[in-house]
Amino acid sequence: MNKPLRRVAIFCGLLVLALLVRVNWVQFVQGDELKNDPHNRRVAIERYSTPRGNIIVDGKAVTGSTTTDSGDFKYKRTYKNGKMWAPVTGYASQAFDANQLEKLNDGILTGTDDRLFFSRTVDMFTGSKQKGGNVVTTLDAKAQKAAFDGLGNSKGAVAAINPETGAILALASTPSYDPSTFAGMSDKDAKAYNGLQKKNNPDEPMLNRALRQTYPPGSTFKVVTASAALENGLYNDVDADTRSPLPYTLPDTSGVELKNEGSIPCENASLRQALRYSCNTVFGKISADLGNKKMKAEAEKFGFDNAKIDTPVRAAESIYPTDNRPQNAMAGIGQASNRATPLQMAMVASAVANGGKLMKPYMVDQLVAPNLNVVQQHTPQEMSRPLSPENAQKVQSIMETVVKEGTGTNAQIPGVIVGGKTGTAQHGENNKDNPYAWFISYAKTDKGTPVAVAVVIEGSDTLRNDIAGGKLAAPIAKRVMEAVLEGEK
């Protein structure tokens, strides 16, 4: 071969080599980046080229798909009772992508997940269209309806958990939205979506208040403070007098007093009486006596200060603050910078009800292939041990007193042991806004403890006392517990 031909051959070889390198680079290095590029319409076209798999509750689909004339997209998502289930499902929209379970399980629902390789291979040989798998949830349809209907026109949320497994049974948030209204690509869909955004709708119907909104937990946090007192040996007998003066002066202040709501017997009150009457002075002093480090450590065992609680939808981080002594005393009664999601407070009730063992909350039980083979099965996992079994029984005892003869009597269920705690949390600068009404609880029968619940109502016209949670939130918790217990029969 003469010299010019050799040069041409080498040059062509280098071009081929460069082409091979480039192809492999694009395919294996940049593949995921290109696939997930928001400007890559092929991904969206593929996503809606076939009916999506469904999200399942109690063996029935709460989602569906329908044909559409939206240009390149053949199908769009539909929802059954979308407003009730939106905090669970999230949305899948041709124009606005997806979120929550729809987003996290998109590969299963569209049939593109690598775990569905066998199913896709069979479809290829049989000539069948690619099908999506299903997401089987832990939700209880009756409990969800009880929560959603109970909230009604109020702004608030409900979270219910099976204490023994961590399975989420209800997750309601109001006001809510119907994901079907913007599942397509039309101008009508765009108008519906834009109308739900915070800048256009101050009620924020797309905010998942059960998972993504934190509130001051108010007096419901006194359950954590009582647990900290027992776990750290500050008190051992829930019926013994505490060394709690009335009034109680906040530490490191020039006479600033922590007061109780109304004329209630809180001086030297036992833990039982203090929780029954919700004595700020007793629990504020407990928090101050234990100190911030011990209080924070106990709160963290219940799930506070954990930024990675995935259900699998990630919950907002609940915070027990690192504070000075007077602020720590206030945090011990659920005020100051103390913040919690409804899910977090359901976890508190759940851990107490489950003998001191906190199970990791979850709401997806199975991922199922189109041929009904189980692709993934959830196994309940222990998250922590906030209480010893002995101390858990003590806290159960005083929570049950709250429902028997305290501020939580509206949660009583005949023939069922119910433990609970009401709460009214201050809201706004100098407490100028209507308070948040809280109630946390659990129900116990001879068969076990199937449910723990947390309810929060963002605003009310109820008097500013601790019974507000008992008047507004406790009846909702009762309805949810009854719905779960009915299913247990």
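Residues numbered from 1 in each chain as written. Predicted model: local features only at pLDDT ≥ 70, side-chain atom pairs only at ≥ 80, totals over all residues. Heavy atoms only, no water.

Visitor: Would you take a moment to explain the overall build of the protein chain for this structure?
Guide: Looking only at helices and strands, the protein chain has 19 helices and 18 strands in total. Split into buried and exposed, the 489 residues of the protein chain put 52% on the buried side. Contacts spanning at least 24 positions in sequence make up 68% of the contacts within the protein chain whose residues lie at least 6 apart. Working note: accessible area of the protein chain is about 22200 Å², and carbon and sulfur atoms make up 50% of it. (Helix = DSSP H or I, 4+ residues; strand = E, 2+ residues; numbered from the N terminus. Buried < 20%, exposed > 50% of the residue type's maximum accessible area, 1.4 Å probe, protein only. Contact = heavy atoms within 4.5 Å. Areas by Shrake-Rupley, 256 points an atom, 1.4 Å probe, with all protein chains shown as cover.)

Visitor: In this structure, what is going on with the side chain of S441? I would like to understand it.
Guide: Tracing the sequence through the fold places S441 in strand β17 (residues 433-445). For S441, a relative accessible area of 0% gives the class buried. Leaving out residues up to four positions away in the same chain, S441 has contacts with A349, G419, G420, A452, V453, A477 and M481.

Visitor: How should I be thinking about the side chain of R77 in this particular structure?
Guide: Residue placement: R77 occurs in strand β4 (residues 73-79). Separated by 3.4 Å, the side chains of R77 and T63 make a polar contact. Polar side-chain contacts of R77 include one of 3.3 Å to the backbone oxygen of G64. (Polar contact = N/O pair within 3.5 Å; in protein donor to acceptor, adjacent residues only side chain to side chain.)

Visitor: For this particular structure, what's the right way to read the sheet that holds strand β1 (residues 55-57)?
Guide: Sheets are built from strands paired through backbone hydrogen bonds, the pairs being either parallel or antiparallel. Pairing is mixed across the open sheet formed by five strands, whose spatial order is β2-β1-β7-β13-β14. The open sheet has two edge strands with one neighbour each: β2 (60-61) and β14 (374-377). The sheet contact formed by β1 and strand β7 (residues 134-137) spans two bridges and is parallel. Residue pairing across strands places I55 opposite V135, the latter belonging to β7. (Pairing = 2+ DSSP bridges.)

Visitor: Can you walk me through the packing of helix α11 (residues 222-231) against helix α14 (residues 292-301) in this structure?
Guide: Geometrically, a packed helix pair is captured by the angle between its two axes and the distance between the axes. Two elements in contact, α11 and α14, have axes separated by 9 Å at closest approach and are oriented at 115°. Considered as vectors, α11 and α14 are oriented roughly perpendicular to each other. Regarding α11 and α14, the two cross each other, and that crossing is right-handed. Side by side, α11 and α14 meet where V224, T225, S227, A228 and E231 of the first sit next to M295, E298 and A299 of the second. Grouping the constituent residues of the contact of α11 with α14 by class yields four nonpolar, two polar and two charged. (Axes fitted to C-alpha atoms, helices over the stretch in contact; angles between N-to-C directions. Parallel < 35°, antiparallel > 145°, perpendicular 65-115°, else oblique. Left-handed = near helix turned anticlockwise from the far one by under 90°. Nonpolar A, V, L, I, M, F, W, Y, C, P; charged D, E, K, R; others polar.)

Visitor: I would appreciate a short explanation of the pattern of salt bridges in the present structure.
Guide: Going through the model one piece at a time under the given rule, you end up with 17 salt bridges. For the salt bridge of D239 with R272, the shortest nitrogen-to-oxygen distance reads 2.6 Å. Of this pair, D239 sits in the loop between α11 and β10 (248-249) while R272 sits in helix α12 (residues 271-277), and the two are 33 residues apart along the sequence. Accessibility expressed as a relative area gives 45% for D239, which makes it partly exposed. The partner of R276 in a salt bridge is E405, and the shortest N-O contact between them spans 3.6 Å. (Salt bridge = Lys/Arg side-chain N within 4 Å of Asp/Glu carboxyl O.)

Visitor: Is there a simple way to explain the state of the cysteines in this structure?
Guide: Here a disulfide denotes a covalent bond joining the sulfur atom of one cysteine to the sulfur atom of another. Within the structure shown, the criterion is met by one disulfide. Paired through a disulfide, C266 and C279 show a sulfur-sulfur distance of 2.1 Å. On the sign convention where negative means left-handed, the S-S torsion of about -80° between C266 and C279 marks this disulfide as left-handed. Taken together, the positions of C266 in the loop between β11 (257-258) and α12 and C279 in the loop between α12 and α13 (280-290) put the pair 13 residues apart, joining distant regions of the chain. Residue classification places C266 among the buried positions, given a relative accessible area of 1%. We classify C279 as buried; its relative accessible area is 0%. (Disulfide = S-S within 2.5 Å.)

Visitor: For this particular structure, what's the right way to read helix α17 (residues 389-405)?
Guide: Because each turn of an α-helix spans 3.6 residues, side chains separated by three or four positions in sequence point in the same direction. Under the 1.5 Å per step criterion, the end-to-end length of α17 is 24 Å for 17 residues, consistent within 8% with the ideal 24 Å. For α17, the complete set of buried residues consists of N391, A392, K394, V395, Q396, I398, M399, E400, T401, V402 and V403. (Expected span 1.5 Å × (residues − 1).)

Visitor: Where do I start with the packing of aromatic side chains in this structure?
Guide: How two aromatic rings sit relative to each other is given by the distance of their centres and the angle of their planes. If you walk through the whole model with that rule in mind, you get ten aromatic pairs. Relative to F182, the ring of Y91 lies with its centre 5.1 Å away and its plane at 70°, an arrangement referred to as edge-to-face. Highlighted residues: Y91 in the loop between α4 (82-89) and β5 (92-93) and F182 in the loop between β9 (168-174) and α9 (187-195), separated in sequence by 91 residues. Assessed through its relative accessible area of 8%, Y91 is described here as buried. Ring geometry for Y215 versus Y436: centroids 5.1 Å apart, planes at 75°, classification edge-to-face. On the criterion of sequence distance, the pair formed by Y215 in the loop between α10 (209-212) and α11 and Y436 in strand β17 is long-range, its members being 221 residues apart. Across this residue pair, the class does not change: Y215 and Y436 are buried. One aromatic cluster is present, built from ring pairs that chain together Y91, F96, Y177, F182 and Y193. (Phe/Tyr/Trp six-rings, centres within 6.5 Å; stacked < 30°, edge-to-face > 60°.)

Visitor: Teacher, can you tell me more about the nonpolar core here?
Guide: Soluble globular proteins: nonpolar side chains tend toward being buried together. Of all hydrophobic cores here, the largest spans 85 residues; its most connected members are F304, L343 and M363. Apart from residues no more than four positions distant in its own chain, L343 is found in contact with A159, I161, I168, A210, L211, I309, T311, A315 and P361. (Core = buried A, V, L, I, M, F, W, Y, C linked by side-chain atoms within 4.5 Å.)

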